[in-house]
Protein chains: 2
Amino acid sequence: MSDIWIMRIGHRPERDKRVTTHVALSSRALGAKGIYVDTEDPVLEENIRSVATRFGGDYSIQTGVTWQKATKDFKGKIVHLTMYGQRVDEALPKIPTDEDIMVIVGAEKVPAEVYQRADFNISVGNQPHSEIAALAIFLYLYTGGKHLYEDRDGEMTVIPNERGKTVVKKDD
Amino acid sequence: MSDIWIMRIGHRPERDKRVTTHVALSSRALGAKGIYVDTEDPVLEENIRSVATRFGGDYSIQTGVTWQKATKDFKGKIVHLTMYGQRVDEALPKIPTDEDIMVIVGAEKVPAEVYQRADFNISVGNQPHSEIAALAIFLYLYTGGKHLYEDRDGEMTVIPNERGKTVVKKDD
């Protein structure tokens with residue numbers, strides 16, 4: 001299976017801190033390898049790394065990286081999520097699963113160049129909604145959801161429970 | 001098919017305005033009938049109604065409604081999404097599709113009573129991530145994504161496009 005990378009564009013540290021945190025954490029939960037964010041944001045980096053340390057795995061974050069730079073030497077397909085794009089159910093079978101993908105997730109306005117640079121402009125519904133929701137559904141469909149309950153060997157592991165909370169902490 | 005309602009708890013108007021907006025709009029895109037929000041928030045109501053007016057359909061929003069009140073006379077199953085819950089793939093087949101459902105979406109801390117009141121406590125992955133992402137994947141799986149491209153007879157309709165933007169405006 002290919003590696004999945006996220007490129008978050010249009011990030012404004014004050015206004016977008018929570019939304020970009022959701023983008024990063026949900027992509028991590030769904031198996032992405034890491035995220036690039038176009039605006040420098042050390043607080044965001046620290047928050048995401050703190051979760052990755054406690055809950056395991058090797059998710060990485062780098063801020064202050066433009067989409068031009070992130071995509072320049074990227075070997076693989078570029079997927080841009082937008083409510084204007086082609087239907088996700090029609091696009092999915094065309095995306096190779098033996099190449100890496102980079103998913104571009106925009107905030108408000110996305111430059112026209114991104115639509116041109118992308119190999120696929122894909123909509124998850126043609127209604128205005130949420131880049132977090134669109135990313136989550138896209139990654140779920142692309143991966144089949146296989147990473148959602150994988151063991152990441154973290155300091156803390158949550159065990160599914162029908163009625164309460166079960167958290168296992170590693171002794172070390 | 002049953003009707004889907006959302007109950008958003010722990011909403012703080014200033015801090016959560018964007019996240020709760022994402023919860024509302026993504027549930028609308030995925031076919032929910034409407035949302036209850038526990039804290040009064042006229043600005044949020046206006047924003048959501050403005051999208052619903054422009055893009056069609058009959059999504060409703062009511063703020064200042066506690067989860068106790070919303071669930072009291074609700075006929076149907078209550079689904080609470082939490083990273084501590086049972087696996088979504090195991091829970092889904094147990095949720096009836098011929099009854100309405102109300103999906104409770106929490107912010108930071110969720111009172112223990114919610115875990116007790118819910119018919120199903122369901123996780124979408126056992127990693128900390130995003131209530132927006134969890135709700136989106138849950139609703140996608142519950143509905144099969146069938147509402148994502150439905151015609152809602154709005155003032156504006158977006159037509160899927162591989163490379164640009166196609167928006168049709170109604171003449172009236």
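Refer to the preceding data block for the structure.
Residues numbered from 1 in each chain as written. Chains lettered and ligands numbered in written order. Predicted model: local features only at pLDDT ≥ 70, side-chain atom pairs only at ≥ 80, totals over all residues.

Chemist: Can you help me understand the sheet that holds strand β2 (residues 34-37) of chain B in this one?
Modeler: Consider a sheet: its strands pair through backbone hydrogen bonds, and that pairing is either parallel or antiparallel. Residues and elements named next belong to chain B. The strand order β3-β2-β1-β5-β4-β6 describes an open sheet built from six strands, whose pairing is parallel. Across the chains shown, the open sheet's two edge strands, defined by having one partner strand only, are β3 (60-63) and β6 (120-123). Each adjacent strand pair in this sheet contributes to an overall mean axis angle of 25 degrees, direction not counted. Relative to strand β5 (residues 101-105), strand β1 (residues 4-8) runs parallel, the two being bridged by five bridges. Residue Arg 8 lies in a different strand from β5, and its bridge partner there is Val 105. (Pairing = 2+ DSSP bridges. Helix = DSSP H or I, 4+ residues; strand = E, 2+ residues; numbered from the N terminus. Axes fitted to C-alpha atoms, helices over the stretch in contact; angles between N-to-C directions.)

Chemist: What am I meant to see in the sheet that holds strand β6 (residues 120-123) of chain A here?
Modeler: Residue and element names in this part refer to chain A. Here we have six strands laid out as an open sheet, ordered β3-β2-β1-β5-β4-β6, and parallel in their pairing. Lying at the two open borders of the sheet, with one neighbouring strand each, are β3 (60-63) and β6. Between one strand axis and the next, the sheet turns through 25 degrees on average, direction left out of account. As paired elements, strand β4 (residues 77-87) and strand β5 (residues 101-105) share five bridges and run parallel to each other. Paired with Leu 81 across the strands is Val 105, a residue of β5. On top of the sheet, helix α1 (residues 13-29) reaches β1 (4-8), β2 (34-37), β3 and β5; it is set at about 175 degrees to β1, its chief contact. The strands that helix α2 (residues 42-55) touches are β2 and β3; relative to β3, the one it contacts most, it runs at about 180 degrees. (Contact = placed C-beta atoms within 7 Å.)

The quantities given are spatial measurements derived from coordinates; they are silent on function.
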